[in-house]
Amino acid sequence: MGFHTFDVDRAEELEDPSRYEYVSVDELLALFDPGPDDVVVDLGSGTGFYTDDVAAAAGTVYALDVQEEMHDLYREKGMPDNVVPVTGDVESMPVEGPVDAVVSTMTFHEFATPAAMEAVADVLAPGGRVGFADWTRAGAGADGPPVDERYAAADAAEMCEAVGIEVHRSEDRRETFVLEGSI
């Protein structure tokens, strides 16, 4: 993984609705436009805060997280029936592909390596989509991880393009970046 993994002892912070200030449900779903039969991998799903929103729009969602404890908390909260918890890191991508989309919300900085990006590209079906939203290096750093642990939109785009993901939109905003692309 990248610089750090979110501390499970602070997991309740992941359920804070103020997170939608940075990435709304509509904005997230628009990045990769899931359909009701789509198979989606959510990278760094944590307690399922955004995974629940993806699950409401997709057929099957693989909730990938490196911490089994996050899956336990998600189960306690109430995991939708179409969500399959998977424990592992992005580089090993323990999900059988191909899948229709890969999404990451506020976790790109935790996994972004060349090997991880290669795994993302490898699991996608032809025409498969990616949607990433994360804290941007161009932000002030008032919330989220330290600025030096973040990537800017251009960094994320470069990493995607290096593995054959065509970037359709990549932009820095006030504190976050968004990226949409396809294979």
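Before any of the text, the structure's been laid out above.
Residues numbered from 1 in each chain as written. Predicted model: local features only at pLDDT ≥ 70, side-chain atom pairs only at ≥ 80, totals over all residues. Heavy atoms only, no water.

**Q** Before we move on, can you summarise helix H1 (residues 25-32) with the specific residues and values?
**A** Listed as buried for H1 are Leu28, Leu29, Leu31 and Phe32. Projection of H1 onto a plane perpendicular to its axis shows the buried side chains occupying an angular sector of 150°, all on one side. Facing away from the buried side of H1 by over 90 degrees, the exposed positions are Asp26 and Ala30. Aspartate 33 sits one or two residues past H1 and shows a positive phi near 45°. (Buried < 20%, exposed > 50% of the residue type's maximum accessible area, 1.4 Å probe, protein only. Helix = DSSP H or I, 4+ residues; strand = E, 2+ residues; numbered from the N terminus. Arc of directions from axis to C-beta.)

**Q** Which residues make up the side chain of aspartate 38, and what values go with them?
**A** Looking at the element boundaries, aspartate 38 is found in the loop between H1 and strand E1 (39-43). Overall, the relative accessible area of 14% leaves aspartate 38 in the buried class. Among the polar contacts listed, one links the side chain of aspartate 38 to the side chain of arginine 129, at a separation of 2.6 Å. Beyond its immediate chain neighbours, meaning those up to four positions away, aspartate 38 contacts Asp33, Ala58, Gly59, Thr60, Asp100 and Arg129. (Polar contact = N/O pair within 3.5 Å; in protein donor to acceptor, adjacent residues only side chain to side chain. Contact = heavy atoms within 4.5 Å.)

**Q** Outline the sheet that holds strand E6 (residues 166-172), listing residues and values.
**A** Across the sheet, which stays open at both edges, the seven strands sit in the order E3-E2-E1-E4-E5-E7-E6 with mixed pairing between neighbours. With partners counted over all chains shown, the strands left at the sheet margins are strand E3 (83-87) and E6, one partner each. Strand-to-strand, the axes of this sheet are offset by a mean angle of 15°, without reference to chain direction. In this structure, E1 lies alongside strand E2 (residues 60-65), joined through five bridges in parallel fashion. By the bridge assignment, valine 39 is partnered in E2 with threonine 60. Set on the sheet, helix H5 (residues 114-123) makes contact with E1, strand E4 (99-105) and strand E5 (124-135); between it and E5 the angle comes to about 140°. (Pairing = 2+ DSSP bridges. Axes fitted to C-alpha atoms, helices over the stretch in contact; angles between N-to-C directions.)

**Q** Please provide a residue-by-residue account of the nonpolar core, values included.
**A** Across soluble globular proteins, you tend to see nonpolar side chains buried next to one another. Core analysis: the largest hydrophobic core is formed by 32 residues, its most contacted members being Leu43, Met93, Val102, Phe108, Val120, Phe132 and Leu179. Contributing elements (two or more residues each) for this core: E1, E4, helix H4 (108-111), H5, E5, helix H6 (153-162) and strand E7 (176-182). Sorting elements by how many residues they give to this core places H5 first, with six residues. The contact partners of leucine 43, leaving out residues within four places of it in the chain, are Leu64, Val90, Met93, Val102, Val103, Ser104, Thr107, Phe111, Val120 and Phe132. (Core = buried A, V, L, I, M, F, W, Y, C linked by side-chain atoms within 4.5 Å.)

**Q** Give me the lowdown on the environment of valine 86, citing residues and values where you can.
**A** As for its position among the elements, valine 86 is in strand E3. With 34 residues separating them in the primary sequence, valine 86 and aspartate 52 have C-alpha atoms 15 Å apart. The residues contacting valine 86, other than those within four sequence positions of it, are Tyr62, Ala63, Leu64, Asp65, His71, Pro94 and Val95.

**Q** Run through the packing of aromatic side chains, naming residues and quoting values.
**A** Following the criterion strictly, the structure yields nine aromatic pairs and no others. Judged by centre distance (4.7 Å) and plane angle (35°), the ring pair of tyrosine 20 and phenylalanine 49 falls under tilted. You can see tyrosine 20 sitting in the segment before H1 and its partner phenylalanine 49 sitting in helix H2 (residues 49-55), a full 29 residues away along the chain. The exposure class of tyrosine 20 is partly exposed, given its relative accessible area of 29%. Looking at phenylalanine 49, the relative accessible area reads 8%, which means it is buried. Taken together, the ring pairs in this structure connect Phe108, Phe111, Phe132, Tyr151 and Phe177 into an aromatic cluster. (Phe/Tyr/Trp six-rings, centres within 6.5 Å; stacked < 30°, edge-to-face > 60°.)

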